[in-house]
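Spelled out from the first residue to the last, the chains are:
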Amino acid sequence: MTCMVDMRDTICIYCHQKDKVILRGKRKNKYTVKQQYWCRRCGRYFVERDGFEGTTYPPDVITKALQLYAEGMPLNRIRDYIYQHKGYCIYDGTILYWVEKYRDLLSQAERAARPLIKKVKKTRHNRL
Ligand SMILES: [Zn+2]
């Protein structure tokens, strides 16, 4: 799939500047190919991390992903759905991280006949 990480949400790991980070090719090691980034503000390179570090997603993206997960949708389809409907590229690991983190919300969602979760918007789940 043609899912690109939203660069607006990539934060420089050194100076924590948003909006200054650009893609600079891939860096390979033995096992993985990681996207390499370059920060125009401080001029340093770094590679992507596990998907949720340094990246923020709106609460409605998270709740939607959890809702779909609760409905039994496979991770790769959740990813596609979020990308198509919300414009965010998320990693499987990110979804599982949310599932872990918001387990209580998720079990509420599983119990509830209808979806979801207005509550999350009032709480501090913006920062991941
Ligand atoms: Zn920087």
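Coordinates for the structure precede this section.
Keep in mind it's a predicted model, so treat the numbers as computed, not measured. (Residues numbered from 1 in each chain as written. Predicted model: local features only at pLDDT ≥ 70, side-chain atom pairs only at ≥ 80, totals over all residues.)

Caption draft 1: Summary view of the overall build of the chain. Looking only at helices and strands, the chain has 4 helices and 3 strands in total. Going from N to C terminus, the chain has its helices and strands arranged as β-β-β-α-α-α-α. Taking the intrachain contacts of the chain between residues at least 6 apart in sequence as the baseline, contacts between residues at least 24 apart amount to 53%. (Helix = DSSP H or I, 4+ residues; strand = E, 2+ residues; numbered from the N terminus. Contact = placed C-beta atoms within 7 Å.)

Caption draft 2: Here's a closer look at helix 3 (residues 92–101). Residues Thr-94, Ile-95 and Trp-98 constitute the buried set of helix 3. Considered in projection along helix 3, the buried side chains sweep an arc of 100° and stay on one side of the axis. Away from its buried face by more than 90 degrees, helix 3 exposes Gly-93 and Glu-100. In this fold, the buried residues of helix 3 make contact with helix 1 (59–70) and helix 2 (75–86). (Buried ≥ 20, exposed ≤ 12 C-beta atoms within 10 Å, placed from the backbone. Arc of directions from axis to C-beta.)

Caption draft 3: A look at unusual backbone geometry. Residue His-16 is not a glycine yet carries a positive backbone phi of 60°. Tracing the backbone through its elements, the reader meets His-16 in the segment before strand 1 (21–28).

Caption draft 4: Up close: the packing of helix 1 against helix 3. Contact pair helix 1 / helix 3: the axes reach a minimum separation of 10 Å and the direction vectors enclose 85°. What the angle tells us is that helix 1 and helix 3 run roughly perpendicular. Of the residues in helix 3, those touching helix 1 at Ile-62, Ala-65, Leu-66 and Tyr-69 are Ile-95, Trp-98 and Val-99. Here the contact of helix 1 with helix 3 is composed, by residue class, of 7 nonpolar, no polar and no charged. (Axes fitted to C-alpha atoms, helices over the stretch in contact; angles between N-to-C directions. Parallel < 35°, antiparallel > 145°, perpendicular 65-115°, else oblique. Nonpolar A, V, L, I, M, F, W, Y, C, P; charged D, E, K, R; others polar.)

Caption draft 5: View of the nonpolar core. Counting 14 residues, the largest nonpolar core has Ala-65, Leu-66, Tyr-69, Ile-78, Ile-90, Ile-95 and Trp-98 as the members making the most contacts within it. With 6 residues, helix 1 is the largest single contributor of residues to this core. With sequence-adjacent residues up to four places away left out, Ile-95 is seen in contact with Ala-65, Tyr-69, Leu-75, Ile-78 and Ile-90. (Core = buried A, V, L, I, M, F, W, Y, C linked by C-beta atoms within 7 Å.)

Caption draft 6: Quick peek at the environment of Tyr-102. Note on placement: Tyr-102 falls in the loop between helix 3 and helix 4 (103–111). Owing to 21 C-beta atoms within 10 Å, Tyr-102 belongs among the buried residues under this scheme.

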